[in-house]
Amino acid sequence: MASWVLSECGLRPLPRVYPKPRSGQVSLNSNPTKLRFSRTDLGNGSSFCGILKEKKNWALRVSAPLRVQEVEENKEGERVINGGEEFDPGAAPPFNLSDIRAAIPKHCWVKDPWRSMGYVVRDVVVVFGLAAVAAHFNNWIVWPLYWFAQSTMFWALFVLGHDCGHGSFSSDPKLNSVVGHILHSSILVPYHGWRISHRTHHQNHGHVENDESWHPLSEKIYKNLDTSTKKLRFTLPFPLLAYPFYLWSRSPGKKGSHFHPDSDLFVPNEKKDVITSTVCWTAMLALLVGLSFVIGPVQLLKLYGIPYVGNVMWLDLVTYLHHHGHEDKLPWYRGKEWSYLRGGLTTLDRDYGWINNIHHDIGTHVIHHLFPQIPHYHLIEATEAAKPVLGKYYREPKKSAPLPFHLLGDLIRSLKKDHYVSDVGDVVYYQTDPQLSGGEKS
């Protein structure tokens, strides 16, 4: 007896309809038949139905990786896809932002400026201590160790300035601005210029066109890039050196500079802030030039120049891998499919081993992206509290060794596969250029 009928939503069972549980598992009556569906054709059945009912048309506005899924049933008659429970990361979650907020303990929202300043003092003391030790010994056994340690500490200073930009450092805007300028100017970052563009990133995370940093290129923009630009963008070590260039000219397809008050990044009432930060950046550059005459350009290069480059590499590595490199394809959105919550849920937590505490737990990125007001020293607890609500939308990070060398493999794999997204579709996934990946296709 036939147990399936065709409806507006595709193939559906006749007997009973089971609501989709939070785990993503769907129970069906036993049917030994195996069906093979292309994700691009049907996607997740329940999501497809919702789109049709909402949009009132037959167009599926999704561009997905070309992948064939095997749909079968286990002994209990439960639906299994590709050997695991069915889960569509591009579907709207069964919870909202207020559900996550309610799960986080109230004390996680409390900002302690004294505690925040304690981290600043700790990091500044370590920075000057490392420089003093390296200058004292001044030999080629010490210098490589110093460069790794000091570049990591420069990156830690950036993270504290980053907290100032979000207002999670303290509830005092003036304190945040003063500390943020000192920390970011010391590592040649224009504080307000970066703060404003980073705010744009958070407000539009996961949106193909409106996101600000490490967003995907559309197929049209990608194919208009010359070959050398493509190579530079996706071949190590060049992507890890991108940040200074981004500050000056942003990403492909976008115009403006973090230093110029008339940039497209800023609105008129932000001009004074941008000028202030550019002046502070220029003052730091002048100080470095003056130091080169006092201690010599080679010594300055060893004490500051190389750690600065290492800091840039840390920054690019961490920020890239918070939005790329997961073993499963993650969605990007545009149009009506995008929302603040859905965009934030495509971010990733990462484990950095011993570095976690040094760079202020920046690896707890999902909750930070959704609630940037939470101080960094509460992010781990807030994340643990939110996990039961997030369910499969939270992707547990791979446990790191003392040093996170495993992340280099994730970076390399992503750069070989994640090149561009389709020009059409409101839920899209990265596609691969075979010419850059050695013939590998998405």
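Residues numbered from 1 in each chain as written. Predicted model: local features only at pLDDT ≥ 70, side-chain atom pairs only at ≥ 80, totals over all residues. Heavy atoms only, no water.

Looking up the protein chain in an unreviewed UniProt entry gives the name Omega-3 fatty acid desaturase, chloroplastic, with the organism given as Sesamum alatum. Turning to the protein chain, the UniProt record has this under Sequence similarities (unreviewed entry): "Belongs to the fatty acid desaturase type 1 family." Its UniProt record gives the protein chain the following Subcellular location (unreviewed entry) comment, quoted word for word: "Membrane". (UniProt positions renumbered as here; feature names shortened; annotations may be inferred.)

**Student:** Describe the packing of aromatic side chains, with residues and values.
**Tutor:** Across all of its chains, the model carries 20 aromatic pairs by this definition. Ring geometry for Trp143 against Tyr146: centres 5.6 Å apart, planes inclined by 80°, an arrangement best described as edge-to-face. Of this pair, Trp143 and Tyr146 both sit in helix α4 (residues 142–166), 3 residues apart, which is roughly one turn of the helix. Across this residue pair, the class does not change: Trp143 and Tyr146 are buried. Note on Tyr222 and Phe234: the rings are 6.1 Å apart at their centroids and 65° apart in plane angle, and the pair reads as edge-to-face. Linking Tyr222 in helix α7 (residues 219–224) with Phe234 in helix α8 (residues 227–234), this pair joins segments that are 12 residues apart in sequence. You can call Phe234 buried: its relative accessible area is 11%. (Phe/Tyr/Trp six-rings, centres within 6.5 Å; stacked < 30°, edge-to-face > 60°. Helix = DSSP H or I, 4+ residues; strand = E, 2+ residues; numbered from the N terminus. Buried < 20%, exposed > 50% of the residue type's maximum accessible area, 1.4 Å probe, protein only.)

**Student:** Before we move on, could you go through the pattern of salt bridges and cite the residues and values that matter?
**Tutor:** Enumeration according to the criterion identifies 13 salt bridges in this entry. When the shortest N-O distance is used, the salt bridge between Glu212 and Arg250 registers 2.7 Å. In this pair, Glu212 sits in the loop between α6 (191–203) and α7 while Arg250 sits in the loop between α9 (243–249) and α10 (271–295), placing the two residues 38 residues apart along the sequence. Here Glu212 falls in the buried class, since its relative accessible area comes to 1%. Overall, the relative accessible area of 13% leaves Arg250 in the buried class. (Salt bridge = Lys/Arg side-chain N within 4 Å of Asp/Glu carboxyl O.)

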